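What the coordinates show
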Amino acid sequence: MQLTRRAALAAGALTLAGCGTDARVSGPTPSPSPSPSLAPSASPLPAEVVHGPRDRAQVALTFHGQGEDQLVRTTLAVLAQSEAAVTVLAVGSWLAEHPALARAILDGGHELGNHTYSHADISSLSPAAQYAEITRCADVLRRLTGSAGRWFRPSQTPRATAAVQQQARRAGYATCLAYDVDSLDYTDPGPAAVVQATLDGVHNGSIVSLHFGHPGTVAALPELIATLRQRGLKPVTATTLLT
Ligand SMILES: [Zn+2]
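Let me begin by describing the structure that accompanies this report. (Residues numbered from 1 in each chain as written. Predicted model: local features only at pLDDT ≥ 70, side-chain atom pairs only at ≥ 80, totals over all residues.)

1. Some remarks on the overall build of the chain
To keep it simple, the criterion reads: A run of DSSP states H or I qualifies as a helix once it reaches four residues; a run of E qualifies as a strand once it reaches two. Both are numbered from the N-terminal end. In this scheme the burial state of a residue depends on its C-beta neighbours within 10 Å: 20 or more other such atoms mean buried, 12 or fewer mean exposed, and anything in between means partly exposed; the C-beta positions come from the backbone.
Along its length, the chain carries ten helices and eight strands. Across the 243 residues of the chain, 49% fall into the buried class.

2. Considering the packing of helix α3 (residues 69-81) against helix α9 (residues 215-230)
Geometry of a packed helix pair, given as the angle between the helix axes and the separation of the axes. Applied cut-off: Axis definition: a line fitted to C-alpha atoms, over the contacting stretch in the case of helices. Angles run 0 to 180 degrees between N-to-C directions. Here the word oblique covers every angle except those under 35 degrees (roughly parallel), over 145 (roughly antiparallel) and from 65 to 115 (roughly perpendicular). By the criterion used throughout, residues are in contact when their C-beta atoms, derived from the backbone, lie within 7 Å. Polar here means any residue other than Ala, Val, Leu, Ile, Met, Phe, Trp, Tyr, Cys and Pro, which are nonpolar, and Asp, Glu, Lys and Arg, which are charged; Gly is therefore polar.
Two elements in contact, α3 and α9, have axes separated by 9 Å at closest approach and are oriented at 5°. Considering their axes alone, α3 and α9 lie roughly parallel with respect to each other. Mapping the contact onto sequence places Leu-71, Thr-74, Thr-75, Val-78 and Leu-79 in α3 and Pro-215, Val-218, Leu-221 and Pro-222 in α9. Class assignment of the residues belonging to the contact of α3 with α9 gives a composition of seven nonpolar, two polar and no charged.

3. Digging into helix α5 (residues 99-107)
Residues spaced three or four apart along an α-helix point in a common direction, a consequence of the helix completing one turn every 3.6 residues. Note the threshold: Note that the arc is computed from the directions linking the helix axis to the C-beta atoms.
Listing the buried residues of α5 in full gives Leu-101, Ala-102 and Ile-105. Along the axis of α5, the buried residues cluster in a sector spanning 110°; they form a single face. Set apart from the buried face of α5 by more than 90 degrees, the exposed residues are Pro-99, Ala-100, Arg-103 and Asp-107. Backbone geometry just after α5 places Gly-109 at a positive phi near 90°.

4. Re the pairing of strand β3 (residues 87-90)
The condition that has to hold: Two strands are said to pair when DSSP picks up at least two bridges between them. A clockwise path from the first strand over the helix to the second, with the strands pointing away from the viewer, defines a right-handed crossover.
Residue alternation in β3 divides its side chains into two sets, Thr-87 and Leu-89 and Val-88 and Ala-90, and both sets are buried. Looking at chain direction, strand β2 (residues 58-65) and β3 are connected through four bridges and run parallel. Within β3, the residue paired with Thr-62 across the bridge is Thr-87. In this view, the connection linking β2 to its parallel neighbour β3 by way of α3 has right-handed handedness. Relative to strand β4 (residues 111-114), β3 is paired through four bridges, and the arrangement is parallel. Bridge assignment links Thr-87 to a residue of β4, and that residue is Glu-111.

5. Some words on the environment of Leu-210
Locating Leu-210 in the fold gives a position in strand β7 (residues 207-211). Overall, Leu-210 belongs to the buried group, with 28 C-beta atoms counted inside 10 Å. Distance from Leu-210 to Val-88, taken between C-alpha atoms, is 9.4 Å for residues 122 residues apart in sequence. With near-sequence residues (within four places) excluded, Leu-210 lies in contact with Leu-61, Thr-62, Phe-63, Ser-183, Asp-185 and Thr-217.

6. As for helix α6 (residues 127-145)
Stated precisely, the cut-off is as follows: How far a helix is expected to stretch is found by multiplying one less than its residue total by 1.5 Å.
The end-to-end C-alpha distance of α6 is 27 Å, a good match for the 27 Å that 19 residues give at a rise of 1.5 Å each. Turning to α6, its buried residues number three or more, namely Gln-130, Glu-133, Ile-134, Cys-137, Ala-138, Val-140, Leu-141 and Leu-144. Buried residues of α6 fall within an arc of 155° about the axis and therefore sit on the same side. Seen from the buried face of α6, the exposed residues on the opposite side, beyond 90 degrees, are Pro-127 and Ala-128. Looking at the buried positions of α6, the neighbouring elements they touch are β3, α4 (92-97), α5, β4 and α7 (162-170). Just beyond α6, the residue with positive phi is Gly-146, at close to 85°.

7. Things to note about unusual backbone geometry
Its identity is not glycine, yet Thr-116 carries a phi of approximately 75°, on the positive side. Relative to the assigned elements, Thr-116 resides in the loop between β4 and α6. Accessibility expressed as a C-beta count within 10 Å gives 28 for Thr-116, which makes it buried. Its identity is not glycine, yet His-119 carries a phi of approximately 55°, on the positive side. Looking at the secondary structure, you find His-119 in the loop between β4 and α6. The buried category is assigned to His-119, around which 24 C-beta atoms lie within 10 Å.

8. A closer look at the nonpolar core
How we decide: Here a nonpolar core is just a set of buried residues of the types Ala, Val, Leu, Ile, Met, Phe, Trp, Tyr and Cys, joined wherever their C-beta atoms sit within 7 Å.
Within the largest apolar cluster, 63 residues are counted, with the highest numbers of intra-cluster contacts made by Ala-90, Leu-177 and Val-208. Beyond its immediate chain neighbours, meaning those up to four positions away, Leu-177 contacts Val-49, Thr-62, Leu-89, Gly-113, Trp-151, Phe-152, Arg-153, Ile-207 and Ala-238.

Structure follows, in C-alpha cells:
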C-alpha cells in the first residue's frame, strides 16, 4: 500500500505541474538554443530538437511517462487500438516503481526515453545534480530494458538550457527532445480541449507534448489520432520522425 500511496502522491504533484508549467509560471527563463529545422537527412542531430522535418507528413506524440498503473495500461490499450506508436519519456523513479510497464510500453511498439529520475526543476540544479538526475534514470532504463533510450527530455521546462544539454550529452544523450505543440493536457481541460489545442498547433513534423496519468488525455486519444490521420499526418515515434 505504501507504493500505491507514493504513486498517488506523485500523480497529484503531476496534476499541478506539467513538463513545462513551472518554467512558464515562476521558473528561470531557459536560454533556448535556436530552434533547429531538420532536413530529412540531417545528421548528426543537433543538441536539441523542437520539431522534425516540415516536409514529412508525420507527427511524434511524446508522453511524460508517469502515472497510475492502470491508467497507463489503459492508455497503452487505446494506442494499440488506434495503431499508433509513440515515445514515452519515463520519469526514472516512477518506472522503478512500475517495472513491468517498461516491457509493456516496448511490447506495444513504442519507444522509451529519459525524463530525469525525479522530475525536479532541472534548470535550477547544479550541473552535477543535473547529471545525476539524468544518469539515475538512464540506469533504471538500462536495468529494465537493456537500453538507456535515445532521447532525453528535461523536466519542468519545455526547453533544455545549454547547461542541461551539456550534461545530457555527457550522459550519452546527444539530442534533447523538446516539442513545438503543447496539448496542455496536464491542466485537465477535458478531452475536447486537448484535441483542439493539439490540432490547432500541429503541422508536418510536429512533436506533441502529452502526459500519462490524466484520464482526459486517454479519452482524447482516439479522436486526436483519427483526426491527425484524416489530415494525412501519421503518428510515429520520435526516432521515426527524426532519423
Ligand atoms: Zn514531465
